[in-house]
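Structural description and commentary
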Amino acid sequence: MRKGDGDPPPAKAVARDIAPYRRGNTGIDFVHRFDSGRPGPSVAIAGLTHGNEICGMTAVTWLLDRGVRPRAGTLTLWLGNVAAYERMRADLPERHTRHRFVDRDLNRAWADEVIAGDLVSLEAHRVRELLPVVEAQDRLLDIHSTTYCGTPFFVYRDLPRARVLAEQVGGPSAHVLLGGGQYSGLTMAERGRFGDAGAEATCLVVECGRHLDAAAGDTALQVALDFLAACGTLDRDFVAAHRPAPAAAAPTRRFRVEQVFRPVHDDARFARDFVSFETLPAGAPIAFDGDRTLTAPFDECVILMPTPVIAKGRDMVTLARIVD
Ligand SMILES: [Zn+2]
């Protein structure tokens, strides 16, 4: 496909019927795999890991609609929590953030004990379906969006190979580095070889802006195309012809996650409205949890990913330190 095939349709993040994508070619619903027949890495893009995060679906279905195929190795495209997505579509727009998942967070369900022990939740069942696909990948881009933050950013395990790949992709320029094991359950990006310092496989998570920003779809597609070019899966010429906006070089800013706060009370609340990337002085109040006030534990404490749905034991806000 070249530019002359007609301009690509706009990649707006808008919920729509995805039933036509259910039947892939892998025997697993909503999983599509293409083999170039040539040596190369196994590369994948995941959308709808969270049901209400539409932009990943936008990018994945754009790639499927365009009939994109790998020039080397394999390309696998999937939609994760379709059950939550379908419930979101059937619900009122103001309730969309409630449909991140159905029974449990799909992106906190990748530990062996959940996979083997949770025989009830829809999400653990889906993880068991997706596990062989996930574990087969050398490179994975997991596409998300946030409730409040319009600024796109990467999130990945702080491993040299992940830093290199994120730089090769190019954007977004804000990188959030995970030490591993900081969230309340194992994430897909930390599963198996992705989280193993001695392995080669790499997973990058990208947050593409706010859930309902139409531009988040363009950002998702842009990062997906740049990711596939960086992995050698697609020609750079094809990517240059189809990316929604020209590549914009900005210096990388890195933030290391120091703490993920989980309240012990359901009625915990934030001290003020946060979006993400606010920088607080040590001692500044962040949240109230019963009698306790969570304050910034160090200077230049960066607020990331405040949740709109607060519950005891659930990740409420991430605190990070500026690296460079
Ligand atoms: Zn998400």
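The structure this text deals with has already been given above.
So, here's what we can say about the structure. All values derive from a computational prediction rather than experimental measurement. (Residues numbered from 1 in each chain as written. Predicted model: local features only at pLDDT ≥ 70, side-chain atom pairs only at ≥ 80, totals over all residues. Heavy atoms only, no water.)

If you walk across this open sheet you meet the eleven strands as E1-E3-E2-E4-E7-E5-E6-E8-E14-E13-E10, and the pairing is mixed. Pairing within the sheet leaves two strands with one partner each, and these edge strands are strand E1 (31-35) and strand E10 (279-280). As paired elements, strand E2 (residues 42-47) and strand E3 (residues 74-79) share six bridges and run parallel to each other. Note that in E3 the partner of Gly47 across the bridge is Leu79. (Pairing = 2+ DSSP bridges. Helix = DSSP H or I, 4+ residues; strand = E, 2+ residues; numbered from the N terminus.)

Within the protein, the zinc ion binds to His50 (ND1), Glu53 (OE), Glu53 (OE) and His144 (ND1); these donor distances fall in the range 2.0 to 2.5 Å. One way to put it: the four donor atoms around the zinc ion meet at angles of 57 to 147°, and that makes the site irregular. (Donors = N, O, S within 2.8 Å, 3.2 Å for Na, K, Ca; no water. Tetrahedral: all angles 85-135°; square planar, octahedral: opposite > 155°, others 65-115°.)

Now for empty space enclosed by the protein. Evaluation of the coordinates by the stated rule reveals one cavity of 30 Å³ or more. Arg157, Leu159, Arg161, Ala162, Ala189, Phe194, Ala201, Thr202 and Cys203 are the residues that line the largest cavity. For the lining of the largest cavity, the secondary-structure elements that each account for two or more residues are helix H5 (160-169) and strand E7 (202-210). Split by residue class, the lining of the largest cavity holds six nonpolar, one polar and two charged. (1 Å grid on protein atoms, 1.4 Å probe; cavity = no way out; pocket = protein on both sides within 12 Å on 5 of 7 lines; lining within 4 Å. Points joined across faces, edges and corners; volume = space filled by probe spheres on them. Nonpolar A, V, L, I, M, F, W, Y, C, P; charged D, E, K, R; others polar.)

What follows deals with the side chain of Ser121. Looking at the secondary structure, you find Ser121 in the loop between helix H3 (112-117) and helix H4 (122-135). Owing to a relative accessible area of 7%, Ser121 belongs among the buried residues under this scheme. Each residue touching Ser121, except ones within four places of it in the same chain, is listed here: Asp103 and Arg104. (Buried < 20%, exposed > 50% of the residue type's maximum accessible area, 1.4 Å probe, protein only. Contact = heavy atoms within 4.5 Å.)

Here we have three strands laid out as an open sheet, ordered E9-E11-E12, and antiparallel in their pairing. With partners counted over all chains shown, the strands left at the sheet margins are strand E9 (269-270) and strand E12 (292-295), one partner each. Taken together, the four bridges between strand E11 (residues 285-289) and E12 define a ladder with antiparallel strand orientation. Across the sheet, the residue bridging to Pro285 is Thr295, located in E12.

Now for the packing of aromatic side chains. Scanning the entire structure with this criterion turns up three aromatic pairs. Judged by centre distance (5.3 Å) and plane angle (85°), the rings of Phe153 and Phe277 are edge-to-face. With a gap of 124 residues between them, Phe153 in strand E5 (residues 153-157) and Phe277 in the loop between E9 and E10 connect regions that are remote in the sequence. Per residue, the accessibility class of Phe153 equals that of Phe277, and both read buried. Ring geometry for Phe270 against Phe274: centres 6.0 Å apart, planes inclined by 75°, an arrangement best described as edge-to-face. The same class applies to Phe270 and to Phe274, which are both buried. Pairwise contacts between aromatic rings join Phe153, Phe255 and Phe277 into one cluster. A cation over an aromatic ring shows up here: Arg69 above the ring of Phe34, its NZ or CZ 3.8 Å from the ring centre. Across the ring face of Phe277, the terminal group of Arg253 is positioned such that the distance to the ring centre comes to 5.7 Å. (Phe/Tyr/Trp six-rings, centres within 6.5 Å; stacked < 30°, edge-to-face > 60°. Lys NZ or Arg CZ within 6 Å of the ring centre and 35° of its normal.)

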